[in-house]
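Coordinates in review
Here's the letter readout for the chains.
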Amino acid sequence: MPYLIHDIKNVAPEDHPLYFFDANVWIAALKYYSGGKQNEYESPYQSFFEVVVELNETHDPEILKRLKNKPKIVLTSLVLSEIINAYMRKVAMRNYFGNGDEYRRYDFKRDYRDKTDSDYKAKLKDLCTDIDSLSDYAVLMDDDFKAIYSASTLGNLYNYDLDFNDFYYGEFLKKYKLPLVTHDKDCKFENVVTITAQERLLKISDI
Amino acid sequence: MITLKIVDIIGSKNAVTHAFGVKVFDAISKHFANGEKVFLSFQGVKNVTSGFANGSIGKIYSEFKEASELLTIGGLEGKTVWIEKIENAKQLGSNPQIAKVQNNAIYELLQS
């Protein structure tokens, strides 16, 4: 089965009606602070995400006639959980304890989440209200665990170089024929339209 | 003082992208270049994200030292979450080192 991997530069956000952004792309799109400057890695994802949002704000009748889709962003509980966990543990906590690996010396729950004078609650509130603000452009989908579990069976996980969440996303995306936007080199999913700037993924593309 | 309404600049009630924020920055900075003060109104806005606040107000604070004297922000009555996002944006804009630390973390997350 082919790897349907597309260079993000060659995909117009209006090409598909729905997109599934992985957690790290969500975080880059929501929180990367460019100050208006372009950045090699984050910029294509941030731009793609923003154009998806902005296409929904297009009201010009002439443009609407030509527009293929006003795309929406698929949000599931699993990806929402990953966004919150990755951001709070890898970005917010790291910022709180200073740059570099200093934060690794600390315990997330004891030294950050439960510490009353940390910025945990403020950062969580900021992230969640950002996500909530995008509700006009989001489509909430159930993770459909029963169907996906029986279709893929957990017993297959050891055959793949994937963590459980990525494995689950692969099965979910195949089932619903949703395009994935990711920079994760592990997301090698056959028969899933994958949109990326990740060289390792683009190298194995069958397109 | 010039009054600028965000909804007029971005053509939407949803101030939710960094790119929308940069449009607001462009509109404000034209007046700042002429030495004019600006009243930026959030009236009519439905949603605000930190990305928007960073692209607009954060960038203004990053590029104009006199931002706090030239820019007045209104239409935020009862919008405590938006006020917090705006204050965070001012802090990020005024302290490039904080922005750099955050960006490094996001960069490493994306590469992981």
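A brief look at the structure comes next. Predicted, not measured: the structure shown is a model, and the values here were computed from it.

1. Re the overall build of chain A
Of regular secondary structure, chain A possesses 9 helices and 6 strands. For 207 residues, the compact-globule formula gives about 17 Å, and the C-alpha radius of gyration of chain A, at 18 Å, lands near that figure. Considered along the principal axes of its C-alpha atoms, chain A spans approximately 50 × 50 × 30 Å. Here chain A holds 207 residues, and the buried ones make up 34% of them. Within chain A, contacts between residues separated by at least 24 positions form 66% of all contacts whose residues are at least 6 apart in sequence.

2. Some words on the interface of chain A and chain B
Across the contact, 30 residues belong to chain A and 33 residues belong to chain B. Mapped by element, the contributors of at least two residues to the side of chain A that touches chain B are helix 1 (23–31), helix 2 (42–55), helix 4 (77–97) and helix 6 (120–133) of chain A. Split into classes, the residues belonging to the side of chain A that touches chain B amount to 10 nonpolar, 10 polar and 10 charged.

3. Details of the pairing of strand 3 (residues 38–41) of chain B
A regular strand places its side chains so that they alternate between the two faces of the sheet. All names here are of chain B. Only one face of strand 3 is covered, namely the face carrying Val38 and Leu40; the face carrying Phe39 and Ser41 is uncovered. Bridge analysis of strand 1 (residues 2–5) against strand 3 gives 4 bridges, and the strand direction is parallel. Bridge assignment links Thr3 to a residue of strand 3, and that residue is Phe39. Alignment of strand 3 against strand 5 (residues 71–74), held across 4 bridges, turns out to be parallel. Counterpart to Val38 in the pairing with strand 5 is Leu71.

Rules and cut-offs
Residues numbered from 1 in each chain as written. Chains lettered and ligands numbered in written order. Predicted model: local features only at pLDDT ≥ 70, side-chain atom pairs only at ≥ 80, totals over all residues. Helix = DSSP H or I, 4+ residues; strand = E, 2+ residues; numbered from the N terminus. Rg over C-alpha atoms; globule rule 2.2 N^0.38 Å. Buried ≥ 20, exposed ≤ 12 C-beta atoms within 10 Å, placed from the backbone. Contact = placed C-beta atoms within 7 Å. Nonpolar A, V, L, I, M, F, W, Y, C, P; charged D, E, K, R; others polar. Pairing = 2+ DSSP bridges.

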